[in-house]
Structures are given as structure tokens and as C-alpha cells.
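Descriptive structure summary
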Amino acid sequence: MICLRAGAGLLAGVLAVAAAAASAQTAPSPKSAGNELDALIAAGQFERAEGLVRQRLASGADPAAEYFKIGEACFNHQAWQRSAGFLQKSLALKPANDEARRYLGLDWRELHRPSDAEAELMEAARRNPGSGADAYFAGQQLI
């Protein structure tokens, strides 16, 4: 009887660990989800990355934050046009994001759109006057 109880306790423990592992797989942490997004962009799998963002949005994630994440990942992998599109979506929802404006301004610079670059970089510096990065890039664009 004691052996049976111990076996049942062990089985319950194993099932609890398995359930915890399964729930961790269905709800990835923001950091691991960001790493997955970055890896997909790095591999040029843009459609899969966009699908991952759609999936997160359907599960209630903040749209401005999700568009910013994929825009930043595209920026980091020099996919300037894609980055610009996602950053514009993010800024439409959260216009105060100076970091998104800075990346968008730098996207426009790479896409040979200096007027748009200047507008975004200056707006980023205006919205966050304490940011050295925003001031630097806004000033650099004016030179």
C-alpha cells in the first residue's frame, strides 16, 4: 500500500512537471519570442515572422509593441523597407515612441528619402530631448 501511494505521488509530480513544460511551450516568454522573431528575420523568413506577429496579436499582445519588435528586427537585419512599414504601423498606434521614430528615420535614410529621415529624426529628438542617441542622429541628418 505504501509503495502504491509513493508511485501515485511520483506520477502526480511527473504530470505536474509535464503540464508546466507544455504551458511554457504554448506561452513563450517575451524574450524567447523576440529571439525567435529575430532568428526568422535573420534567415529571411519574413512571412513566418509576420505570421508569428499575427499569432501574438490574436492572443492579445500589444499591437504597437509587436509592430515595433518586428520593425526593429527587420532594421537590425537591414530589411529597411519592411522595417519602415512595421515602424509606421507601430507609430500610428503609439506616436510617442521616439525609438521607433529614430529607427524609422534611419530606415528612410537608407532608402534615400532624406526629407522623411530628417522629419522622423527631428521628431524623435523633440519627443525625448534627454536622449543622446536621438539628438545625435537628428544632428547628423542635418549635416
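Structure's up top.
Structural notes, computed from the coordinates.

Conventions adopted
- Residues numbered from 1 in each chain as written.
- Predicted model: local features only at pLDDT ≥ 70, side-chain atom pairs only at ≥ 80, totals over all residues.
- Heavy atoms only, no water.
- Phe/Tyr/Trp six-rings, centres within 6.5 Å; stacked < 30°, edge-to-face > 60°.
- Lys NZ or Arg CZ within 6 Å of the ring centre and 35° of its normal.
- Helix = DSSP H or I, 4+ residues; strand = E, 2+ residues; numbered from the N terminus.
- Buried < 20%, exposed > 50% of the residue type's maximum accessible area, 1.4 Å probe, protein only.
- Contact = heavy atoms within 4.5 Å.
- Expected span 1.5 Å × (residues − 1).
- Axes fitted to C-alpha atoms, helices over the stretch in contact; angles between N-to-C directions.
- Left-handed = near helix turned anticlockwise from the far one by under 90°.
- Nonpolar A, V, L, I, M, F, W, Y, C, P; charged D, E, K, R; others polar.

1. Brief notes about the packing of aromatic side chains
Enumeration over the complete set of coordinates arrives at 5 aromatic pairs. An angle of 70° between the planes, with centres 5.3 Å apart, marks the rings of Phe-75 and Trp-80 as edge-to-face. Through successive ring pairs, a cluster of aromatic residues spans Phe-68, Phe-75, Trp-80 and Tyr-103. Positioned above the aromatic ring of Trp-108 is the side chain of Arg-113, whose terminal nitrogen or guanidinium carbon lies 3.8 Å from the ring centre.

2. Notes on the environment of Ala-100
Within the fold, Ala-100 resides in helix H6 (residues 98-110). Judged by relative accessible area, Ala-100 falls into the buried class, the value being 0%. Between the C-alpha atom of Ala-100 and that of Ala-84, which follows or precedes it by 16 residues, the distance is 9.3 Å. In this view, Ala-100 contacts Phe-68, Leu-87 and Leu-91; residues no more than four positions away in its chain are not counted.

3. A short note on unusual backbone geometry
Although it is not a glycine, Gln-78 adopts a positive phi angle of roughly 60°. Tracing the backbone through its elements, the reader meets Gln-78 in the loop between helix H4 (63-76) and helix H5 (80-93). The backbone of His-112 sits at a positive phi, close to 60°, despite the residue not being glycine. Looking at where His-112 falls in the secondary structure, it is placed in the loop between H6 and helix H7 (114-127). On the accessibility criterion, His-112 (70% relative accessible area) is exposed.

4. Considering H4
The end-to-end C-alpha distance of H4 is 20 Å, a good match for the 20 Å that 14 residues give at a rise of 1.5 Å each. Looking only at H4, the buried set comprises Ala-64, Glu-66, Tyr-67, Phe-68, Ile-70, Gly-71, Ala-73, Cys-74 and Phe-75.

5. Notes on the packing of H5 against H6
For the pair H5 and H6, interaxial distance at closest approach is 9 Å and the crossing angle is 145°. The two elements H5 and H6 cross, and the hand of that crossing is left-handed. Taken together, the residues of H6 that come into contact with H5 (itself represented by Trp-80, Ser-83, Ala-84, Leu-87, Gln-88 and Leu-91) are Ala-100, Arg-101, Tyr-103, Leu-104, Asp-107, Trp-108 and Glu-110. Taken together, the residues that form the contact of H5 with H6 break down as 8 nonpolar, 2 polar and 3 charged.

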